[in-house]
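Observations on the three-dimensional arrangement
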Amino acid sequence: MTVDSVTLSALPRRANWIELPFARPAFFSTRTAGDMGRSFETENATRVAALGDLGLTASDVAWVKQEHTRDVVYVSERNSRLKSCKSVRVPAVADGVLLPGMAKYRAAGVTVADCLPIYLHNNRDGVTGVLHSGWKGTGILDRALEILGADTEVLFGPCIAGLCYAVPAQRATAFASEWGDECVENRGGRWFLDIRRANLGIADRRGVRSVRIVSDCTHCNSDLWSYRRDGNAIFGLAAAVVLKDDHQR
Ligand SMILES: [Zn+2]
């Protein structure tokens, strides 16, 4: 599997969004966009304003009630060949959302702060989606690729880097036993956890040929929201949005 790395500074901006290099129009909100709020808060005025800059209303976007699960839902009004995936009306409790081409929603979205947003598109099925993968939810990509297949385009948005993400030893041990020793590191007696690396391993094992990653760390890049850096006092969430087609308003 090849890994193609890009940095945010090289990517175009649209208002308070960074436009990501992907098969479908894909965006990640900057800190200047404001707090995008908890997963499915469609009434959040900050979110409504930011989505307006993309020509979207909050109800154009299929959101899920994120709870650090490994569950992916497929939003459909009709039957599809994705029979292995639970088809639901949103918002449902899940941390990943997949949209077929014919869905009434124009985009899929999740909110993150340090966790990894994963953008997906499968041209064969015309399915577009986005996942929220933190340490607890790591494995959600495995579930999504089981549904979509290896011929899926995969982009990792910005997340907290391995050596910025110190965790308790117990968590590191549990993560390593599930995702491999290479996903944790001990430096000076402290444990660090690499979410991006674990997800690259998942994509590789699923037979994905190439993954594009945004290499910026949310904790280091003050242009982005970070739970670890900003803490509870000014904690905010970024939105990761992917449009299901190229027809933007
Ligand atoms: Zn960092």
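Here the structure is shown first, and the text comes after it.
Residues numbered from 1 in each chain as written. Predicted model: local features only at pLDDT ≥ 70, side-chain atom pairs only at ≥ 80, totals over all residues.

**Focus: the overall build of the protein**
From N to C terminus, the protein includes 5 helices and 17 strands. Its C-alpha atoms give the protein a radius of gyration of 17 Å, near enough to 18 Å, the size a compact globule of 249 residues would have. Seen through its principal axes, the protein has C-alpha atoms that stretch 50 × 40 × 30 Å. Every one of the 249 residues in the protein was classed for burial, and the buried ones make up 47%. (Helix = DSSP H or I, 4+ residues; strand = E, 2+ residues; numbered from the N terminus. Rg over C-alpha atoms; globule rule 2.2 N^0.38 Å. Buried ≥ 20, exposed ≤ 12 C-beta atoms within 10 Å, placed from the backbone.)

**Focus: the sheet that holds strand 13 (residues 166-167)**
On the basis of which strands lie adjacent, the open sheet formed by 3 strands has the order 13-15-14 and antiparallel pairing. Here the strands that pair on one side only, and so sit at the sheet edges, are strand 13 and strand 14 (184-187). Sheet analysis places strand 13 next to strand 15 (residues 190-193), joined by 2 bridges and oriented antiparallel. Pairing of Ala 166 across the sheet is with Phe 192, part of strand 15. (Pairing = 2+ DSSP bridges.)

**Notes on helix 3 (residues 169-179)**
Considered for burial, the residues of helix 3 that qualify are Ala 172, Phe 175 and Trp 179. All buried residues of helix 3 project into a common sector of 70 degrees when viewed along the axis, lining one side. The exposed set on the far side of helix 3, more than 90 degrees from its buried face, consists of Ala 169, Gln 170, Ser 177 and Glu 178. The inward-facing, buried residues of helix 3 abut strand 13, strand 14, strand 15 and helix 4 (195-205). Just past helix 3, the residue Gly 180 takes up positive phi, approximately 110 degrees. (Arc of directions from axis to C-beta. Contact = placed C-beta atoms within 7 Å.)

**Overview of the pairing of strand 14**
For strand 14 and strand 15, the ladder comprises 4 bridges, and the chain directions are antiparallel. Bridge assignment links Arg 187 to a residue of strand 15, and that residue is Arg 190. Count of turn residues in the strand 14/strand 15 antiparallel hairpin: 2 residues, of which Gly 188 carries a positive phi of about 60 degrees.

**Observations regarding the environment of Gly 55**
The topology assignment puts Gly 55 in the loop between helix 1 (45-52) and strand 5 (61-62). In this structure Gly 55 comes out as partly exposed when scored by C-beta crowding, with 14 C-beta atoms within 10 Å. Sequence spacing of Gly 55 and Ser 222 is 167 residues, and the spatial spacing of their C-alpha atoms is 26 Å.

**As for the pairing of strand 3 (residues 17-20)**
Relative to strand 3, strand 2 (residues 13-14) runs antiparallel, the two being bridged by 2 bridges. By the bridge assignment, Arg 13 is partnered in strand 3 with Ile 18. Counting the residues that bridge the hairpin from strand 2 to strand 3 gives 2 residues, and of these Ala 15 lies at a positive phi of roughly 50 degrees. The pairing of strand 3 with strand 4 (residues 26-29) spans 4 bridges and is antiparallel.

**What about the nonpolar core?**
Counting 79 residues, the largest nonpolar core has Val 97, Val 130 and Ala 238 as its most contacted members. When sequence neighbours within four positions are dropped, the list of residues in contact with Val 130 reads Val 97, Ala 108, Gly 109, Val 110, Pro 117, Ile 118, Tyr 119, Leu 120, Ala 240 and Val 242. (Core = buried A, V, L, I, M, F, W, Y, C linked by C-beta atoms within 7 Å.)

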